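Secondary and tertiary structure notes
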Amino acid sequence: MNEQIRAREVRLVGPEGEQVGIVPLERALQLAADVDLDLVEVAPMARPPVCKLMDFGKFKYESALKAREARRNQQQTVIKEMKLRPKIDPHDYETKKGHVVRFLKAGDKVKVTIMFRGREQSRPELGYRLLRRLESEISELGYVEAAPKQDGRNMIMVLAPHRATKAAATAARGGALPRGERESGAPETAPPVEPTGPAGTTGE
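Residues numbered from 1 in each chain as written. Predicted model: local features only at pLDDT ≥ 70, side-chain atom pairs only at ≥ 80, totals over all residues. Heavy atoms only, no water.

1. Some remarks on the overall build of the chain
So the rule is basically this: Helix numbers and strand numbers start at the N terminus; a helix is a DSSP run of H or I with at least 4 residues, a strand a run of E with at least 2. Summary of the burial criterion: residues with accessible area below 20% of their type's maximum are buried, those above 50% are exposed, and those between are partly exposed, where the area comes from a 1.4 Å probe applied to protein chains only. Contact between two residues is taken to exist if any of their heavy atoms lie within 4.5 Å; hydrogens are not considered.
The helix and strand inventory of the chain stands at six helices and eight strands. Along the chain, helices and strands appear, N-terminal first, in the series β-β-α-β-β-α-β-α-β-α-β-β-α-α. Relative to its full complement of 204 residues, the chain shows a buried share of 35%. In the chain, 59% of the contacts between residues at least 6 apart in sequence involve partners at least 24 apart.

What follows is the structure in structure tokens.
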């Protein structure tokens, strides 16, 4: 910036983005001083380097504001995990379904794992039917983002909240969805699974 620039000549861009052309560095510095702006090197690898006339202090301030706003609006996707057995007791099923409903209402994704033990591994249809039942019973709140898939002794399905469900959860927290999701509703890329707490929401 300014006197730190070492090139003999620069390709100068005006404060409104207009192309001034290639000028000696001394001329570019003089033009910057005439309009009380900084000469900032924006493309140092170009030949000659590209420099722009700007208020660098204002630029840094506005960039910091935008970065802060982006962080505030960023909606971090959390994946909760719920584990079930293929022959789960009806009461336990309802309890765990309640947790899944709560997670979806909070705007979180849910990884549902059916754990097979012993001879149960030869009956994968039991887990598949259980997952399909759960899918149908939470359909108003979410949808299947990853279809049931056998993974060793487990069968896994990932549920995601509908856009309206997630928007309601975000509004309840006083936040805002990122622009891309407000416009398209596209699912986000999920970070690593965050296990639920010890209050009986995971495990067998």
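2. Quick word on the nonpolar core
For the record, the criterion: Buried Ala, Val, Leu, Ile, Met, Phe, Trp, Tyr and Cys residues that are joined via side-chain atoms within 4.5 Å together make up what is termed a nonpolar core.
By size, the foremost hydrophobic cluster in this structure holds 20 residues, and its most contacted members are Leu84, Val110 and Leu159. Residue assignment for this core shows that the elements contributing at least two residues are β5 (79-84), α3 (90-105), β6 (109-115), α4 (124-137) and β8 (154-161). Among the elements that line this core, the one with the most residues is α3, at five residues. Leave out the neighbours within four places in its chain, and Val110 touches Ile79, Lys80, Met82, Val100, Phe103, Leu104, Met157, Val158 and Leu159.

3. Details of the pattern of salt bridges
Formally: By definition here, a salt bridge exists when the distance from a side-chain nitrogen of Lys or Arg to a carboxyl oxygen of Asp or Glu is within 4 Å.
The final tally for this structure, using the stated rule, is eight salt bridges. Notably, a salt bridge pairs Lys97 with Glu137, separated by 3.2 Å at the nearest N-O pair. Here Lys97 is found in helix α3, whereas its partner Glu137 is found in helix α4, with 40 residues between them in sequence. With a relative accessible area of 18%, Lys97 lands in the buried category. Of the charged contacts, one joins Glu137 and Arg133 as a salt bridge, the two residues approaching to 3.2 Å between their closest N and O atoms. Placement of both Glu137 and Arg133 in helix α4 is noted, with a separation of four residues, approximately one turn of the helix. Judged by relative accessible area, Glu137 falls into the partly exposed class, the value being 36%. Via salt bridges that share partners, Glu94, Lys97, Arg133 and Glu137 belong to a single interconnected network.

4. Thoughts on the sheet that holds strand β3 (residues 38-43)
How we decide: One bridge is not enough; two strands pair if DSSP finds at least two bridges between them. Fitted lines through C-alpha atoms serve as axes, helices being fitted only where they are in contact, and the angles separating the N-to-C directions of these axes extend from 0 to 180 degrees.
Ordered in space as β2-β1-β4-β3, the four strands form an open sheet in which the pairing is mixed. Since the sheet does not close on itself, it has two edges, and those belong to β2 (19-24) and β3, each with one partner. Adjacent strand axes in the sheet meet at a mean angle of 35°, parallel and antiparallel pairs treated alike. Pairing geometry for strand β1 (residues 9-13) and strand β4 (residues 50-54), over three bridges, is parallel. Bridge assignment links Leu12 to a residue of β4, and that residue is Cys51. Across the sheet, helix α1 (residues 25-34) lies against β1, β2, β3 and β4, angled at about 125° from β2, the strand it touches most.

5. Describing α1
Basically, it comes down to this: Note that the arc is defined by the directions from the helix axis to the C-beta atoms.
Buried within α1 we find Leu25, Ala28 and Ala32. Buried residues along α1 cover an arc of 65° about the axis, so they all sit on one side. Set apart from the buried face of α1 by more than 90 degrees, the exposed residues are Glu26, Ala33 and Asp34. Tucked inside the fold, the buried residues of α1 contact β1, β2, β3 and β4. Immediately beyond the C-terminal end of α1, within one or two residues, lies Asp36, with a positive phi of roughly 60°.

Keep in mind these values describe shape, not function.
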